[in-house]
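This is what each chain is made of:
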Amino acid sequence: MRLRPALTAFAALPLILGACASSGSSDASASGLLVATTVSPITSIAAAIAGDKVRVEGIVPEGTNSHTFEPEPSVAKLLSDADIVFINGLKLEDPTAELAKANMKSGADLVEIGTTVIPESDYIYDFSFPKEEGKPNPHLWTDPLYAIKYAAVIRDELSKKDPTNAAYFAANFDAFAAQATALANALRADQATVPNGALKLLTYHDAYAYFAKDFGWQIIGALQPKNFEDPSPSEVAALIDQVKAQQVPVIFGSEVFPSKVLEEIGSATGAKYEDSLRDDDLPGAPGEADHSWLGLMKYDYTTMIRALGGTTTNLDAVDITPKVKDSAVYPQ
Ligand SMILES: [Zn+2]
């Protein structure tokens with residue numbers, strides 16, 4: 001009841017608390033702020049803006065199912081130290097958001113980036129994210145237009161907490177936006193080489209809905225049921241009928257969700273399957289250039305276009321070298 005009026009009083013407290021509880025900033029190398037993030041694409045975008053001025057620590061280990069992820073109780077420590085907790089939102093990380101709310105220090109902010117950049121009227125509900133479940137498709141980050149908006153939110157939030165470095169964050173944002181735009185332009189050029197304009201996606205994991213809408217691809221469907229388990233035999237039979245009826249040329253699987261169903265549907269229908277798309281699992285190892293949002297999406301777009309018979313001259317030439325060193329922590 002007194003929560004709201006007390007907010008303004010609390011807002012002044014961190015200055016005092018910050019002075020005595022300086023354990024977080026006592027490591028000499030740290031420039032002050034600590035940012036916690038959830039999935040690795042968001043961690044990577046945050047790192048591209050934060051550079052060496054802000055410590056960035058991810059929470060969801062790479063290659064894990066972020067949709068059902070429940071943080072270990074030990075994550076509470078990171079959440080209680082963080083000045084900002086960036087989550088995707090759109091109900092992707094509810095358990096982490098709950099743990100954050102229960103543990104964050106006063107003055108710290110929980111920022112749902114996705115929820116900030118997209119109005120509810122633009123939420124997409126579909127195969128694996130049906131409306132009656134109340135959870136929209138959360139995968140905005142596979143669309144470069146939204147990734148740039150994510151970066152802008154991160155720039156603005158970091159600048160609010162650390163105004164002295166605002167120009168640095170702005171320059172990093174400009175560099176990231178330029179690279180993401182170059183990637184989007186290369187994608188548009190290369191996708192035009194797919195024979196008969198057949199930009200059709202049947203994926204295992206349902207991660208490309210917003211991307212498809214913005215870039216003129218057609219999502220035929222997704223194989224993964226809403227509970228993120230493998231489709232049942234009767235669902236597989238229905239999918240086989242659908243793949244035959246729609247003459248789907250390629251079925252795209254996901255590294256994060258390996259499934260034998262792809263092979264089964266492939267051999268029953270004659271469709272090719274390509275099982276190496278990545279959802280939120282960055283390629284390479286931390287510290288390598290392709291271990292980044294840019295590297296992830298360059299890999300995914302290239303894989304889609306080649307599997308559909310197109311060429312990727314423009315995407316191949318996109319420079320994904322990070323403009324600032326990525327020192328973020330990526331749990332594996
Ligand atoms: Zn996903």
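Residues numbered from 1 in each chain as written. Predicted model: local features only at pLDDT ≥ 70, side-chain atom pairs only at ≥ 80, totals over all residues.

This paragraph deals with the confidence of the model for the protein. Detailed conclusions should not be drawn from predicted coordinates in areas where pLDDT is low. The predicted model of the protein averages 90 in pLDDT, with 91% of residues at 70 or higher. A low-confidence stretch, residues 1–30 (pLDDT under 50), is modelled with 12 contacts involving residues beyond four sequence positions or located in other chains. (pLDDT = per-residue confidence, 0-100. Contact = placed C-beta atoms within 7 Å.)

Moving on, we get to the sheet that holds strand β8 (residues 272–277). In space, the 4 strands of this open sheet follow the order β6-β5-β7-β8, with parallel pairing throughout. With one partner strand each, in any of the chains shown, β6 (218–222) and β8 form the two edges of the open sheet. On average, each strand axis in the sheet is tilted by 30° relative to the strand beside it, whichever way the strands run. Note that strand β5 (residues 200–203) and β6 share 4 bridges and pair parallel. Looking at β6, one finds that Leu202 is bridged to Gly221. (Pairing = 2+ DSSP bridges. Helix = DSSP H or I, 4+ residues; strand = E, 2+ residues; numbered from the N terminus. Axes fitted to C-alpha atoms, helices over the stretch in contact; angles between N-to-C directions.)

Once that is clear, we can look at the nonpolar core. Membership of the largest hydrophobic core comes to 83 residues, with the highest contact counts inside it found for Val35, Ile45, Ala46 and Ile49. Sorting elements by how many residues they give to this core places helix α7 (residues 166–191) first, with 9 residues. Here this core gathers at least three residues from each of two domains, domain 1 (25–181) and domain 2 (195–316). Setting aside anything within four residues of it in sequence, one finds Ile45 in contact with Ala147, Tyr150, Ala151, Ile154 and Trp293. (Core = buried A, V, L, I, M, F, W, Y, C linked by C-beta atoms within 7 Å. Buried ≥ 20, exposed ≤ 12 C-beta atoms within 10 Å, placed from the backbone. Domains from an automatic or database assignment.)

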